[in-house]
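Coordinate inspection notes
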Amino acid sequence: MTSPASDTTAQRTITMKVRVNEAESREIDRHARQVSLRKAEYLRKAALQGGGHAALSEMIGMVGLGLNQLEDAPANSLNRIARQLDEIIFLMRGTDR
C-alpha cells in the first residue's frame, strides 16, 4: 500500500517556509547540486525519505547509472559521478567534509 506522502502525481498546492541561516542555505544548495536536484526536490526527498539510508541508496543508484554509461562518457559526466561519489562518502560518514 502506498502512503499519501509517496504519491508524486498529486498536485502540490501547499507552500511551506522555513528559516535557515546563510551557512545552512549554502550547505543545502551544495547538497542539491551534488545530487542534481532542484533545492525543493532535495528538501522534499530529505524530509520524506530521510537523509540517511534512502539518500545513500539513491546516490548509489545514480552513480551506478553513470558508471554504466562510462564507455562514451564526456568529462562533465565523469565530474558528476565524482561529485556523487563524494556525496556517498559524506552520507556514509555522517559528517561534513
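Here's what I pulled together on the structure shown here.

Reading the values: the criteria
Residues numbered from 1 in each chain as written. Predicted model: local features only at pLDDT ≥ 70, side-chain atom pairs only at ≥ 80, totals over all residues. Heavy atoms only, no water. Helix = DSSP H or I, 4+ residues; strand = E, 2+ residues; numbered from the N terminus. Buried < 20%, exposed > 50% of the residue type's maximum accessible area, 1.4 Å probe, protein only. Contact = heavy atoms within 4.5 Å. Salt bridge = Lys/Arg side-chain N within 4 Å of Asp/Glu carboxyl O. Expected span 1.5 Å × (residues − 1). Arc of directions from axis to C-beta. Polar contact = N/O pair within 3.5 Å; in protein donor to acceptor, adjacent residues only side chain to side chain.

Helices and strands together make up the secondary structure of the protein chain, namely four helices and zero strands. The helix and strand sequence of the protein chain, counted from the amino end, reads α-α-α-α. The buried share of the protein chain, taken over its 97 residues, is 18%. Taking all contacts inside the protein chain whose residues are at least 6 apart in sequence as the whole, residues at least 24 apart take part in 50%.

Further remarks concern the pattern of salt bridges. With the rule as written, the count across this model stands at three salt bridges. Where Asp29 meets Lys39, a salt bridge forms, and the shortest distance between an N and an O atom there is 3.0 Å. With Asp29 in helix H1 (residues 22–34) and Lys39 in helix H2 (residues 39–49), the pair connects residues that are 10 residues apart, well separated along the chain. We classify Asp29 as partly exposed; its relative accessible area is 25%. Looking at Lys39, the relative accessible area reads 38%, which means it is partly exposed.

Below, the discussion takes up H1. With 13 residues, H1 should cover 18 Å at 1.5 Å per step; its first-to-last C-alpha distance of 18 Å lies within 8% of that length. Of the positions making up H1, those classed as buried are Ile28, His31, Ala32 and Gln34. Looking down the long axis of H1, one finds its buried residues gathered within 165° of arc, a one-sided arrangement. Residues of H1 that are exposed and point more than 90 degrees away from the buried face comprise Glu22, Arg26 and Arg33. For H1, the N-terminal capping position is held by Asn21, with its side-chain oxygen 3.1 Å away from the main-chain nitrogen of Ala23. Of the residues trailing H1, Ser36 is marked for its positive phi of about 55°.

Another point: the environment of Ala40. Looking at the secondary structure, you find Ala40 in helix H2. Separated by 11 residues in sequence, Ala40 and Asp29 have C-alpha atoms that sit 10.0 Å apart.

A separate point is unusual backbone geometry. Leaving glycine aside, a negative phi is the common case for residues, and trans is the common case for peptide bonds. In this structure, Ser36 is a non-glycine residue whose phi angle is positive, near 55°. Within the secondary structure, Ser36 is located in the loop between H1 and H2.

Here His31 lies in helix H1. Ignoring sequence-local partners within four residues, the contact set of His31 consists of Tyr42, Glu87 and Phe90.

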